[in-house]
Amino acid sequence: MMIPFNKPAFTGKEEVYIGEAIKSGHLSGDGSFTKKCHLWFEGQFNVKKALLTTSCTHALEMAAILADIQEGDEVIMPSYTFVSTANPFVVRGAKIIFVDIRPDTMNIDETLIEEAVTARTKAIVPVHYAGVACEMDAIMDIANRHNLIVIEDAAQGVMSTYNGKPLGTIGHLGCFSFHETKNYNCGEGGALIINDERYVERAEIIREKGTNRSRFFRGQVDKYSWVDIGSSYLPSELNAAFLFAQLENAELINSYRLDCWATYYNGLKVLEERGDICLPFLPKNINHNAHMFYLKAASLDERTHLIQFLKQKGIQTVFHYVPLHSSSAGLEYGEMFKQDVYTTKESERLVRLPLYYNLQIMEINQVIDAVKEFYIKGAL
Ligand SMILES: *Cc1c(COP(=O)(O)O)cnc(C)c1O
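This structure is a prediction, so every number in the text was calculated from the model and none was measured. (Residues numbered from 1 in each chain as written. Predicted model: local features only at pLDDT ≥ 70, side-chain atom pairs only at ≥ 80, totals over all residues. Heavy atoms only, no water.)

Colleague: Would you mind showing me how to read the sheet that holds strand β6 (residues 161–162) here?
Modeller: Pairing is antiparallel across the open sheet formed by three strands, whose spatial order is β7-β6-β10. At either end of the open sheet lies a strand with only one pairing partner, and these are β7 (165–166) and β10 (286–287). Inspection of the sheet shows β6 paired to β7 by two bridges, in the antiparallel sense. Looking across to β7, one finds that threonine 161 is bridged to proline 166. (Pairing = 2+ DSSP bridges. Helix = DSSP H or I, 4+ residues; strand = E, 2+ residues; numbered from the N terminus.)

Structure representation (structure tokens):
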């Protein structure tokens, strides 16, 4: 029996809602399911404005336009992240300043950020790795003192909190992903969360190809026209219908994933106590969403053997990311601030285990047993 690394979540209502969208005759964006999703976010997270987008990458592109990123501006972010954290800012001409991570949470080291700020710095983009919050109080404090915009890459952080506040709602702007590998999905999709009212009207325009179409539909202008730069950032109703079924079941999906995570943690704790592996660290002031379960092997070599061993047992595991600062585009469009003490070293040790809503507890126990066999029975 094969245990894949991921299966997209499916709750059962998706087909019904997609059928309703088809019958409604409205398949393009901003129909009734998109509105339902917007209201769900605005209610669930108590935010000013939520806008569905075609991806988190596109939500970040919208954020880069709203932050008025210009040629030569600098944007601070971790190097240990997906390319989509950086690309939207590079596209607007920014230089990326990569800051090292903390080895405990794998998040940007907030104590290094202030030194990396220069007269050209425009924004900070914290990434909530594995749905575990960055130290947002420290980050917002630096941003406020230096007049910087904070854009949360909360692609992995939907339903997580920091000091009780949902991730994506703390910075000026927040970006979610509904890619099939994320906790709530519609294949490809995302959302922009706007916490600073100043950005609401322009965000609607940018998302609608640079037109004031949203104002037109609200009767605020009598014709709509091209008023700003923009693109087509709104998803179709078919995607929104699929996503809404997932959002309605968000509590269920979240609690099931947390159960899976706890099963892994408790099952593998003995290996951490023996000093074989490192398990994820959860700061006291956060609630996470079990976006991923990872462990850290002693070295790159040991990780390679572990992945191979698990593969032979029919268990698919993955690692990521090639640090952005050392990738070819990263070398061209950015630079590491100070030393890379942890980014490369820690990323080389990390391996992600299968975790998805439809994963059986029995399967998790199979994975735990295989990892234990590797370490305890000396399959090394
Ligand atoms: C998944 C992910 C993205 C990109 O999301 P898409 O919806 O696929 O564009 C961006 N940043 C991080 C940290 C991610 O994990």
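Picking up where we left off.
Colleague: When you look at the pattern of salt bridges in this model, what are you seeing that I'm missing?
Modeller: Side chains bearing opposite charge may pair, as long as their charged atoms lie close to each other. In this structure the tally under the stated criterion is 19 salt bridges. In this structure, arginine 102 engages glutamate 110 in a salt bridge whose closest nitrogen and oxygen atoms are separated by 3.2 Å. The class for glutamate 110 is buried, based on a relative accessible area of 14%. (Salt bridge = Lys/Arg side-chain N within 4 Å of Asp/Glu carboxyl O. Buried < 20%, exposed > 50% of the residue type's maximum accessible area, 1.4 Å probe, protein only.)

Colleague: Would you take a moment to explain the site of the ligand for this structure?
Modeller: Residues in close proximity to the ligand total 16 residues, the closest being Thr57, Asp153, Gln156, Ser177 and Lys182. Going through the elements one at a time, α3 (56–66) and α4 (83–90) are the ones with two or more residues in the shell around the ligand. Residue composition of the shell around the ligand, by class: five nonpolar, nine polar and two charged. (Near = heavy atom within 4 Å. Nonpolar A, V, L, I, M, F, W, Y, C, P; charged D, E, K, R; others polar.)

Colleague: Looking at this structure, I do not really get a nonpolar patch on the surface. What am I missing?
Modeller: Together, Ile22, Leu27 and Leu238 make up a nonpolar patch on the protein surface, roughly 240 Å² of accessible area in all. Positionally, leucine 238 belongs in helix α9 (residues 237–248). (Patch = residues over 30% accessible without salt bridge, like charges linked within 9 Å, V, L, I, M, F, W, Y side chains within 5 Å. Areas by Shrake-Rupley, 256 points an atom, 1.4 Å probe, with all protein chains shown as cover.)

Colleague: Even after reading the chapter, I still don't get the pairing of strand β13 (residues 350–353), so can you show me in this structure?
Modeller: On a regular strand, one side chain projects to one face of the sheet and the next to the other, so that they alternate. Taking every second residue as pointing to the same face, both faces of β13 are buried, with Leu350 and Arg352 on one and Val351 and Leu353 on the other. Direction of pairing for strand β11 (residues 293–296) relative to β13: antiparallel, over a ladder of four bridges. The partner of leucine 295 across the bridge, within β13, is valine 351.

Colleague: Please explain the pairing of strand β5 (residues 149–153) as it appears in this structure.
Modeller: Along β5, five of the five residues are buried, which leaves the element largely enclosed by surrounding structure. Sheet topology places strand β4 (residues 121–124) next to β5; two bridges connect them, and they run parallel. Bridging across to β5, alanine 123 finds its partner in isoleucine 149. By the bridge criterion, three bridges tie β5 to strand β8 (residues 173–177) in an arrangement that is parallel. Pairing of aspartate 153 across the sheet is with cysteine 175, part of β8.

Colleague: Mind showing me how you'd approach the side chain of arginine 257 here?
Modeller: Among the secondary structure elements, arginine 257 is positioned in helix α10 (residues 250–273). No salt bridge is formed by the buried arginine 257, whose closest oppositely charged neighbour, aspartate 259, lies at an N-O distance of 11 Å. Discounting residues that sit within four places of it in the chain, arginine 257 has contacts with Lys182, Asn183, Asn289, Ala290, His291, Leu355, Tyr356 and Tyr357. (Lys, Arg positive; Asp, Glu negative; His and termini not counted. Contact = heavy atoms within 4.5 Å.)

Colleague: Teacher, can you tell me more about the nonpolar core here?
Modeller: Here is a general trend for soluble globular proteins: nonpolar side chains tend to be buried in one another's company. Residues Phe41, Ile76, Phe176 and Phe178 are the most contacted members of the largest nonpolar core, which totals 53 residues. Taken together, domain 1 (14–247) and domain 2 (250–376) each give at least three residues to this core, which thus spans both. When near neighbours in sequence (up to four residues on either side) are disregarded, phenylalanine 41 contacts Asn46, Val47, Ala50, Leu52, Phe176, Phe178, Ala191 and Leu247. The next biggest cluster of nonpolar side chains, apart from the first, holds 35 residues, and it includes Ala59, Met62, Phe98 and Leu192. (Core = buried A, V, L, I, M, F, W, Y, C linked by side-chain atoms within 4.5 Å. Domains from an automatic or database assignment.)

Colleague: I tried to follow the packing of aromatic side chains on my own but got confused; where do I start?
Modeller: One pair of aromatic rings is described through two measures. These are the centre distance and the angle between the planes. Tallied over the entire structure, the rule returns 23 aromatic pairs. When the ring of phenylalanine 45 is compared with that of phenylalanine 176, the centres are 5.9 Å apart and the planes differ by 70 degrees; the resulting orientation is edge-to-face. Taken together, the residues phenylalanine 45 in the loop between α2 (32–44) and β1 (49–53) and phenylalanine 176 in strand β8 connect sequence positions 131 residues apart. Cluster of aromatic residues (ring-pair linked, three or more members): Trp40, Phe41, Phe45, Phe176 and Phe178. For the cation-ring pair, lysine 36 lies above phenylalanine 33, with the distance from its terminal atom to the ring centre recorded as 4.8 Å. (Phe/Tyr/Trp six-rings, centres within 6.5 Å; stacked < 30°, edge-to-face > 60°. Lys NZ or Arg CZ within 6 Å of the ring centre and 35° of its normal.)

Colleague: Help me out: how do you make sense of the domain arrangement of the protein in this one?
Modeller: It is common to report an interface's size as the accessible area lost on association of the parts. Taken domain by domain, the protein comprises domain 1 (14–247) and domain 2 (250–376). A C-alpha centroid distance of 26 Å is found between domain 1 and domain 2. Counting from both sides, the interface comprises 45 residues of domain 1 and, opposite them, 38 residues of domain 2. For the pair domain 1 and domain 2, the summed buried surface comes to about 3,600 Å²; carbon and sulfur atoms form 57% of the total. When residues of domain 1 are sorted by the area they lose upon contact with domain 2, Phe98, Asp100 and Asn183 head the list and together hold 17% of the total. Along the contact surface separating domain 1 from domain 2 lie two salt bridges. Between lysine 338 and glutamate 115 there is a salt bridge whose closest N-O contact spans 2.7 Å. Run the count over domain 1 and domain 2 and you get 27 residue pairs in polar contact (both at pLDDT 80 or more). The dominant element in the side of domain 1 that touches domain 2, judged by the number of residues it contributes, is strand β3 (residues 95–99), at five residues. (Buried area = accessible area lost by both parts, 1.4 Å probe. Polar contact = N/O pair within 3.5 Å; in protein donor to acceptor, adjacent residues only side chain to side chain.)

Colleague: What exactly am I supposed to notice about the sheet that holds strand β9 (residues 190–194) here?
Modeller: Hydrogen bonding along the main chain pairs the strands of a sheet, whether they run parallel or antiparallel. The sheet built from eight strands is open, its strands ordered β1-β9-β8-β5-β4-β2-β3-β12 with mixed pairing. The open sheet has two free edges, formed respectively by β1 and β12 (334–336), since each of these has just one partner strand. The mean angle between the axes of side-by-side strands here comes to 25 degrees, regardless of whether they run parallel or antiparallel. Contacts between helix α7 (residues 200–207) and the sheet are confined to β1 and β9, with β1 contributing the most and set at about 15 degrees to the helix. (Axes fitted to C-alpha atoms, helices over the stretch in contact; angles between N-to-C directions.)

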